[in-house]
Amino acid sequence: ETGVTQSPTHLIKTRGQQVTLRCSSQSGHNTVSWYQQALGQGPQFIFQYYREEENGRGNFPPRFSGLQFPNYSSELNVNALELDDSALYLCASSLSGPRRNEQFFGPGTRLTVL
Amino acid sequence: AQSVTQPDIHITVSEGASLELRCNYSYGATPYLFWYVQSPGQGLQLLLKYFSGDTLVQGIKGFEAEFKRSQSSFNLRKPSVHWSDAAEYFCAVLTGGGNKLTFGTGTQLKVEL
């Protein structure tokens, strides 16, 4: 069984640029969630995708957007990067259903905005 | 609003000593609670979870946690800590209709040899 994978591992961008982060969900999982973890903080929920539709969103501006593909993999796109966007971005996959909400996390993508 | 509080930012214990990490939550409905561990530069690994039933739950690596509804707590325990347990530990509650984990700010555990 393949776990959650994310790419790239590290990324350096400059302010104002755009970035795309990728996530492959664990085999059999149809739901993907994205979290932002700033240094010294707990992860903050960005949004979740289920069956290619956004299924809940946290307190993040619209320049944070996402996609989910038919194979359940997902992308996180961030436009007009700001210095405060520097963080570890975590992807988590899970099965839908009321008793199947355990989320399995990938290793994360470390984004640095200069 | 839902929230999770981990009162201890840093904890240092000696190898072989017992450990208890505190977690308090604020959530109106029956909570689904989790403990995750994060090693430096790594993602999150699930240690254990509470959905319902027995309030004492067992997890991986010898960890256990006890759900106490009256105290809104879900404290993590281990009877004997190993040096490899040094990491950051996060408590989380599932909210938003089941699609969002709300995390605490974490407790950094240091193990002295």
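Everything numeric here is computed off the predicted structure, so don't read it as measured data.

Quick word on the pattern of salt bridges
Phase 1 of the analysis: The final tally for this structure, using the stated rule, is nine salt bridges over all chains.
Phase 2 of the analysis: Where Glu54 of chain A meets Arg57 of chain A, a salt bridge forms, and the shortest distance between an N and an O atom there is 3.2 Å.
Phase 3 of the analysis: Note that Lys49 of chain B is salt-bridged to Glu102 of chain A, the shortest N-O span being 2.9 Å. In this pair, Lys49 of chain B sits in strand E6 (residues 44-50) while Glu102 of chain A sits in the loop between strand E9 (87-94) and strand E10 (104-105), so the two residues belong to two different chains.

Details of the packing of aromatic side chains
Phase 1 of the analysis: Enumeration over the complete set of coordinates arrives at 16 aromatic pairs over all chains.
Phase 2 of the analysis: Arranged with centres 5.9 Å apart and planes meeting at 50°, the rings of Tyr36 of chain B and Phe103 of chain B form a pair that is tilted. You can see Tyr36 of chain B sitting in strand E5 (residues 32-38) and its partner Phe103 of chain B sitting in strand E11 (residues 100-103), a full 67 residues away along the chain. Of the two residues examined, Tyr36 of chain B and Phe103 of chain B, each falls in the buried class.
Phase 3 of the analysis: What links up through ring pairs into an aromatic cluster is the set Tyr35, Phe45 and Phe105 of chain A together with Tyr32, Phe34, Tyr36, Phe51, Phe90 and Phe103 of chain B.

Notes on the layout of surface pockets
Phase 1 of the analysis: A volume near 310 Å³ is recorded for the largest pocket.
Phase 2 of the analysis: Gln37, Leu39 and Gly40 of chain A together with Gln38 and Glu88 of chain B are, among the 19 residues lining the largest pocket, the residues nearest its centre.
Phase 3 of the analysis: Among the residues making up the lining of the largest pocket, the classes are represented as six nonpolar, 11 polar and two charged.

With respect to the interface of chain A and chain B
Phase 1 of the analysis: Each side of the interface is counted separately: chain A has 21 residues, and chain B has 21 residues.
Phase 2 of the analysis: Regarding the contact of chain A and chain B, the summed buried area is about 1,700 Å², with carbon and sulfur atoms giving 52% of it.
Phase 3 of the analysis: On the surface where chain A and chain B come into contact, there are one salt bridge.
Phase 4 of the analysis: The tally of links from chain A across to chain B stands at four residue pairs in polar contact (both at pLDDT 80 or more).
Phase 5 of the analysis: Only strand E4 (31-37), strand E5 (44-50), strand E6 (53-57) and E9 of chain A provide two or more residues apiece to the side of chain A that touches chain B.

Observations concerning the sheet that holds strand E8 (residues 74-78) of chain A
All names here are of chain A.
Phase 1 of the analysis: Strands sit in the order E1-E3-E8-E7 across an open sheet of four strands; the sheet is antiparallel. Two strands bound the open sheet, and with one partner strand each, they are strand E1 (5-7) and strand E7 (64-68). Adjacent strand axes in the sheet meet at a mean angle of 20°, parallel and antiparallel pairs treated alike.
Phase 2 of the analysis: Pairing of strand E3 (residues 19-24) with E8 involves five bridges; the strand directions are antiparallel. Paired with Cys23 across the two strands is Ser74, which belongs to E8.

Procedures and definitions
- Residues numbered from 1 in each chain as written.
- Chains lettered and ligands numbered in written order.
- Predicted model: local features only at pLDDT ≥ 70, side-chain atom pairs only at ≥ 80, totals over all residues.
- Heavy atoms only, no water.
- Salt bridge = Lys/Arg side-chain N within 4 Å of Asp/Glu carboxyl O.
- Helix = DSSP H or I, 4+ residues; strand = E, 2+ residues; numbered from the N terminus.
- Phe/Tyr/Trp six-rings, centres within 6.5 Å; stacked < 30°, edge-to-face > 60°.
- Buried < 20%, exposed > 50% of the residue type's maximum accessible area, 1.4 Å probe, protein only.
- 1 Å grid on protein atoms, 1.4 Å probe; cavity = no way out; pocket = protein on both sides within 12 Å on 5 of 7 lines; lining within 4 Å.
- Points joined across faces, edges and corners; volume = space filled by probe spheres on them.
- Nonpolar A, V, L, I, M, F, W, Y, C, P; charged D, E, K, R; others polar.
- Contact = heavy atoms within 4.5 Å.
- Buried area = accessible area lost by both parts, 1.4 Å probe.
- Polar contact = N/O pair within 3.5 Å; in protein donor to acceptor, adjacent residues only side chain to side chain.
- Pairing = 2+ DSSP bridges.
- Axes fitted to C-alpha atoms, helices over the stretch in contact; angles between N-to-C directions.

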